[in-house]
Amino acid sequence: MGVGLKSEDYTEIKQSLSELEELVYAAGGEVLGVLAQSLEKYQPATLIGSGKVQEIKELVEETNSNLVVIDHHISGIQSRNLENEIGVRVLDRSQLILDIFALRAQSYEGKLQVELAQKMDQLPRMVGGWLGSLSRQGGGIGTRGPGESALEIDRRRIREKIRLIKNKLKEVEKSRAQHRAKRQRQKITHFALIGYTNSGKSTLLNQLTHAQVMAKDQVFATLDPTTRKIYLPEIGDAVLTDTVGFIRKLPTHLIDAFKATLEESREADVLLHVIDLSNPQMEKHIEVVNGLIHEFGWQDKPLIYVFNKEDLASPEIKFRVKESPRVFVSALKQEGLEDLKKQMIEIAKSFSSEVELFFDHNDEHLVFSLQREAKVEKIEKSTLGTICVVRLNELQIQQWSNFIVRK
Ligand SMILES: Nc1nc2c(ncn2[C@@H]2O[C@H](COP(=O)(O)OP(=O)(O)OP(=O)(O)O)[C@@H](O)[C@H]2O)c(=O)[nH]1
Ligand SMILES: [Mg+2]
């Protein structure tokens, strides 16, 4: 069920609704009926008007559906009222997305993050007469406090659970932070793949680094971040991170719970914004991702727009693209990847500077180490020793400072 206000753009409501249908399939469901409505204003008790509620009820009975999903936030009271009137479970978009995440979570950390998001989402929704009440499943000694209602006990239990999960997550985050610190010490350029879900981030990571991350035609295939080394000519080793994809109206609790995962991209020096060029809603996708980049405070990071799935897109689409710097690729067909690498190298170069080093005959053997570590642009032998012109990053400049003769 799509809902919005008359003042909103109706195509936006419809587009968001078609995405909701995809989300239902991703959650393992099947869509049996679709409704959309734009309202003058929202109703406090049921969000939508009573006429529409009846219409949903009829559709549910006709199609024998057992779930209704509303493409708008609904409060605990609203969902209780709707469930009572319609007679089946009613979820909103956030709950559906959380459900998909719960289905996909593989790692210990991912599972904890999803559980945290679900609990945080549940807390404000808990109202009296709520079907999922924990206390109905038997409380017992030690779970009751004087004068506490069943609802308060439930809330308290959830809060306690949230605290426990947060503590467990802190432990996991510690080890992740150590890995990051190590990378930072090495001063390796760090690229992060970000973008709308299903745009091809994991496929790109696999092609560029020969990793074997699961890449699938489904939303939210990736939840856990993966970081792999990538060798860039002229630069040497760099790292590339693939993480969870974005979507419009991403539940805020999910963003909060996935802070640690997003932290991986926060540490990146350069963002690679991957876009599905063949998706008719491409422009909206870019807008949503740009919005999130601002929300996370990443807007000052250098960014390359990577328009992917060029093989599926009609050639005219390219002329509509305004964003830059950009590159057109097909991760699947391995096309345009060299161009992408070139742009990555250009940006990585801006993190290094050209310096001249001099090695006398006693130290000439070090030239080999230097060649392994950095791109040597020029080598000249003289009677006194060897002169090398190289690109070094800040840390390397410190390490080789004894031999630097010109910066
Ligand atoms: N035709 C075509 N398909 C592609 C291309 N790149 C990726 N795909 C397909 O698009 C689908 C999604 O790819 P993924 O790499 O899983 O996308 P993702 O951005 O990692 O998605 P999430 O992890 O769900 O956010 C897969 O079925 C890929 O095979 C491409 O260049 N051309
Ligand atoms: Mg992925």
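Every chain begins its residue count from 1, and numbering advances along the sequence as written. As a convention, the first chain written is A and the first ligand written is 1, with the rest following in written order. Restriction of local features to residues with pLDDT of at least 70 applies here, the model being predicted, together with a cutoff of 80 or more for giving and counting side-chain atom pairs; totals for whole chains, interfaces and linings are based on all residues.

S.K.: Looking at this structure, I do not really get the overall build of the protein chain. What am I missing?
M.R.: Counting its secondary structure elements, the protein chain contains 14 helices and 14 strands. Referenced to the eigenvectors of the C-alpha coordinate spread, the extents of the protein chain come out at roughly 95 × 60 × 35 Å. Three exposure classes are used. Buried residues have 20 or more other C-beta atoms within 10 Å of their own C-beta, exposed residues have 12 or fewer, and partly exposed residues fall in between, all C-beta atoms being placed from the backbone. The proportion of buried residues among the 407 residues of the protein chain is 32%. If you take every contact in the protein chain between residues at least 6 apart in sequence, the share linking residues at least 24 apart comes to 63%. Helix and strand definitions here come from DSSP, where helices need a minimum of 4 consecutive H or I residues and strands a minimum of 2 consecutive E residues; each element is numbered from the N-terminal end. Contact between two residues is assigned whenever their backbone-derived C-beta positions fall within 7 Å.

S.K.: What's the story with unusual backbone geometry in this structure? I'm lost.
M.R.: Across residues other than glycine, the phi torsion is negative in most instances, and most of the peptide bonds are trans. For the bond running from S324 to P325, omega is 0 degrees, close enough to zero to count as cis. For P325, the position within the fold is in the loop between α11 (317–320) and β10 (326–328). Notably, L47 is not glycine yet its phi reads approximately 65 degrees, a positive angle. Mapped onto the elements of the fold, L47 is located in the loop between β2 (36–39) and α2 (50–63). For L47, a count of 23 C-beta atoms within 10 Å translates into the label buried. One non-glycine residue with positive phi stands out, namely Q334, at about 55 degrees. Relative to the assigned elements, Q334 resides in the loop between β10 and α12 (337–349).

S.K.: Looking at this model, I keep getting lost on the sheet that holds strand β8 (residues 270–276). Mind explaining?
M.R.: With mixed pairing, the 6 strands of this open sheet are ordered in space as β6-β7-β5-β8-β9-β10. Of all strands in the sheet, those with a lone pairing partner are β6 (226–232) and β10, marking the two edges. Strand-to-strand twist across the sheet, computed as the mean angle between neighbouring axes with direction ignored, equals 25 degrees. Strands were regarded as paired on the criterion that DSSP finds at least two bridges between them. Across 7 bridges, the pairing between β6 and strand β7 (residues 236–242) is antiparallel. Following the sheet pairing, K229 is matched in β7 by V239. On the sheet, helix α9 (residues 259–266) packs against β5 (189–195), β6 and β7 and is oriented at approximately 125 degrees with respect to β5. The strands touched by α12 within the sheet are β5, β6, β7, β8, β9 (303–308) and β10, with β6 carrying the most contacts at an inclination of about 90 degrees. For every element, the axis is a line fit to its C-alpha atoms; helices are fit only across the contacting stretch, and the angle between N-to-C directions ranges from 0 to 180 degrees.

S.K.: Teacher, can you tell me more about the nonpolar core here?
M.R.: General note: in soluble globular proteins, nonpolar side chains tend to be found buried as a group. Ranked by size, the top nonpolar core spans 69 residues in total, and within it L272 and V306 carry the most contacts. Dropping the residues within four chain positions of it, V306 is found in contact with L272, H273, V274, I275, V327, V329 and L340. Joining buried Ala, Val, Leu, Ile, Met, Phe, Trp, Tyr and Cys residues through C-beta atoms within 7 Å gives a set, and that set is a nonpolar core. L357, A374, V390 and L392 belong to the second largest nonpolar core, which has 7 residues in total.

S.K.: Sorry, what's going on with the pairing of β5 here?
M.R.: Side-chain direction in a regular strand flips from residue to residue, so the side chains alternate between the two faces of the sheet. Most of β5 is tucked away, with 7 of its 7 residues classed as buried. On β5, burial covers both faces: T189, F191, L193 and G195 on one face and H190, A192 and I194 on the other are all buried. One ladder, built from 5 bridges, connects β5 with β7; its direction is parallel. Paired with A192 across the two strands is T241, which belongs to β7.

S.K.: So what exactly am I meant to see when it comes to the site of ligand 1 here?
M.R.: In the vicinity of ligand 1 lie 22 residues, with G200, S202, D217, T222 and G245 positioned nearest. With 3 residues, the top contributor of residues to the shell around ligand 1 is helix α7 (residues 201–209). Its residues assigned to classes, the shell around ligand 1 comprises 7 nonpolar, 10 polar and 5 charged. Defining nearness, a residue is near a molecule or strand when the C-beta atom obtained from its backbone falls within 6 Å of it. Under this grouping Gly is polar, as are all residues other than the nonpolar Ala, Val, Leu, Ile, Met, Phe, Trp, Tyr, Cys and Pro and the charged Asp, Glu, Lys and Arg.

S.K.: What is the right way to read the domain arrangement of the protein chain from this model?
M.R.: Split into domains, the protein chain comes out as domain 1 (2–99), domain 2 (106–167), domain 3 (188–349) and domain 4 (353–406). At the junction of the two partners, domain 1 supplies 9 residues and domain 2 supplies 11 residues. Of all elements in the fold, only α3 (76–86) and α4 (93–104) reach the threshold of two or more residues within the side of domain 1 that touches domain 2. Tallying contributions element by element places α3 first for the side of domain 1 that touches domain 2, with 5 residues. Looking at side-chain class alone, the side of domain 1 that touches domain 2 contains 2 nonpolar, 5 polar and 2 charged residues. These domain boundaries are the output of an automatic or database domain assignment.

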